[in-house]
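Per-entry structural report
Here is what each chain is made of, one letter per residue.
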Amino acid sequence: MNLPTGNGDHHPWGSANNEDDQMSLRSRVLDVLNGPAVARIRFRFPIRGSHVTIAPQTFHHVARAIRLGRVTVRPPTDLAAGVAAQYNDVARTRADGTAVAANTLEVVSAAGRMDEAYIVHESLHAAYDLLRTGLDANAEEASAYVCTALYCRMTGLPRPRWANGPIYANAAEVAKTLLSQYQKGDPGIPWVGESEWRMLRTGVGFHPVYTSGPAGILTGWLLGQQYTHDG
């Protein structure tokens, strides 16, 4: 589950290349997950006759798992160019034969608002895994992009710097509807807008990063393939 980069204020590789830097990266990730923007993220979306609710507690669960060592935060060494972050729900082997353990959150940087938004996106994948949430991979990716868009909007990152492709543009529309509900002062958890949500899921499903994998239109949306969620 990797995340293509946008054009926001993220920084290049090499920001966490020793043990002290890795601890700093871990601390910064925890700051993001426990921060004021994440504390406002809340929405519901439909899945196959039911629904999934995202709330601040979703991300706080991941923060607890990081503190307890159930999720490891580390900088990547081999992610493809343009991939900003990745959550590994299962173990993987690098090209050089070394292993990346399951439940590892690989983060290039946590130095800017776009970097933080990527952390939120991948942390939602981690939450689904830890909580063993049953949903198709297409809806999973779409909901993670909604969190990315909400974070960017709520931290004031100018839209041209992040909503620069069809997925992000569609996620921005979902976020716009949700933010309008937040601004009414209703403490409840709003639903995503139906038409915006369908457009976002379609955009994810046809994107070349996802179309042939579990999050594609056929594989994810229609056939219901899921990512591994085994805690």
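Above this note sits the structure.
In what follows, the accompanying structure is described. (Residues numbered from 1 in each chain as written. Predicted model: local features only at pLDDT ≥ 70, side-chain atom pairs only at ≥ 80, totals over all residues. Heavy atoms only, no water.)

1. As for the environment of Glu122
Examined against the element boundaries, Glu122 turns out to sit in helix α3 (residues 113–131). Along the backbone, Glu122 and Tyr182 are 60 residues apart, and their C-alpha atoms lie at a distance of 23 Å. (Helix = DSSP H or I, 4+ residues; strand = E, 2+ residues; numbered from the N terminus.)

2. Considering the side chain of Arg201
For Arg201, the position within the fold is in helix α6 (residues 194–206). Relative accessible area serves as the criterion here: at 5%, Arg201 is assigned to the buried category. A polar atom in the side chain of Arg201 sits 2.8 Å from the side chain of Asp136. Sequence-distant contacts of Arg201, that is, excluding residues within four places in its chain, are made with Pro46, Asp136, Asn138, Ala139, Ala142, Ile217 and Trp221. (Buried < 20%, exposed > 50% of the residue type's maximum accessible area, 1.4 Å probe, protein only. Polar contact = N/O pair within 3.5 Å; in protein donor to acceptor, adjacent residues only side chain to side chain. Contact = heavy atoms within 4.5 Å.)

3. Some points on the environment of Gln225
Residue position: Gln225 is located in the segment after α7 (217–222). By relative accessible area, Gln225 is classed as partly exposed at 36%.

4. Concerning the environment of Tyr128
Take Tyr128: it is sitting in helix α3. Judged by relative accessible area, which is 2%, Tyr128 ranks as buried. Along the backbone, Tyr128 and Val62 are 66 residues apart, and their C-alpha atoms lie at a distance of 9.5 Å. Beyond its immediate chain neighbours, meaning those up to four positions away, Tyr128 contacts Phe45, Val52, Ile54, Thr133, Leu135, Glu140, Ser143 and His229.

5. Things to note about unusual backbone geometry
With phi around 40°, Arg48 is a residue other than glycine that occupies positive phi space. For Arg48, the position within the fold is in the loop between β2 (43–47) and β3 (50–54). Look at Arg48 and you get exposed, because its relative accessible area is 59%. Of note in the backbone geometry, Arg132 takes a positive phi value of approximately 55° without being a glycine. The topology assignment puts Arg132 in the loop between α3 and α4 (137–154).

6. Description of the packing of aromatic side chains
Each aromatic ring pair is characterised by the separation of its centres together with the angle its planes make. Evaluation of the coordinates by the stated rule reveals four aromatic pairs. For the ring pair Tyr145 and Tyr168, a centre distance of 5.3 Å and an interplane angle of 85° mean the geometry is edge-to-face. Taken together, the residues Tyr145 in helix α4 and Tyr168 in helix α5 (residues 166–182) connect sequence positions 23 residues apart. With respect to burial, Tyr145 and Tyr168 carry one shared label: buried. (Phe/Tyr/Trp six-rings, centres within 6.5 Å; stacked < 30°, edge-to-face > 60°.)

7. Details of the pairing of β3
Judged from the five bridges that link them, β2 and β3 form a sheet pairing that is antiparallel. Note that in β3 the partner of Ile47 across the bridge is Ser50. Here β2 folds back onto β3, and the loop between the two strands holds two residues, one of which, Arg48, carries a positive phi near 40°. (Pairing = 2+ DSSP bridges.)

8. What to know about a nonpolar patch on the surface
Taken together, the side chains of Leu218, Leu222 and Leu223 define a hydrophobic patch exposed on the protein surface, amounting to about 330 Å² of accessible area. If you trace the backbone, Leu218 turns up in helix α7. (Patch = residues over 30% accessible without salt bridge, like charges linked within 9 Å, V, L, I, M, F, W, Y side chains within 5 Å. Areas by Shrake-Rupley, 256 points an atom, 1.4 Å probe, with all protein chains shown as cover. Salt bridge = Lys/Arg side-chain N within 4 Å of Asp/Glu carboxyl O.)

9. A few points about the packing of α3 against α4
The contact between α3 and α4 brings their axes to 8 Å, and the two run at 145°. The two elements α3 and α4 meet at a crossing, and its hand is right-handed. Contact with α3, carried on its side by Arg113, Met114, Glu116, Ala117, Val120, His121, Leu124, His125 and Tyr128, involves Glu140, Glu141, Ser143, Ala144, Tyr145, Cys147, Thr148, Tyr151 and Cys152 of α4 and no other residues of that element. (Axes fitted to C-alpha atoms, helices over the stretch in contact; angles between N-to-C directions. Left-handed = near helix turned anticlockwise from the far one by under 90°.)

10. What about the state of the cysteines?
On inspection of all chains with the given rule, the structure shows zero disulfides. You can see Cys147 has no disulfide; the closest cysteine sulfur is in Cys152, sitting 11 Å from it. Note on Cys152: relative accessible area 0%, which makes it buried. (Disulfide = S-S within 2.5 Å.)

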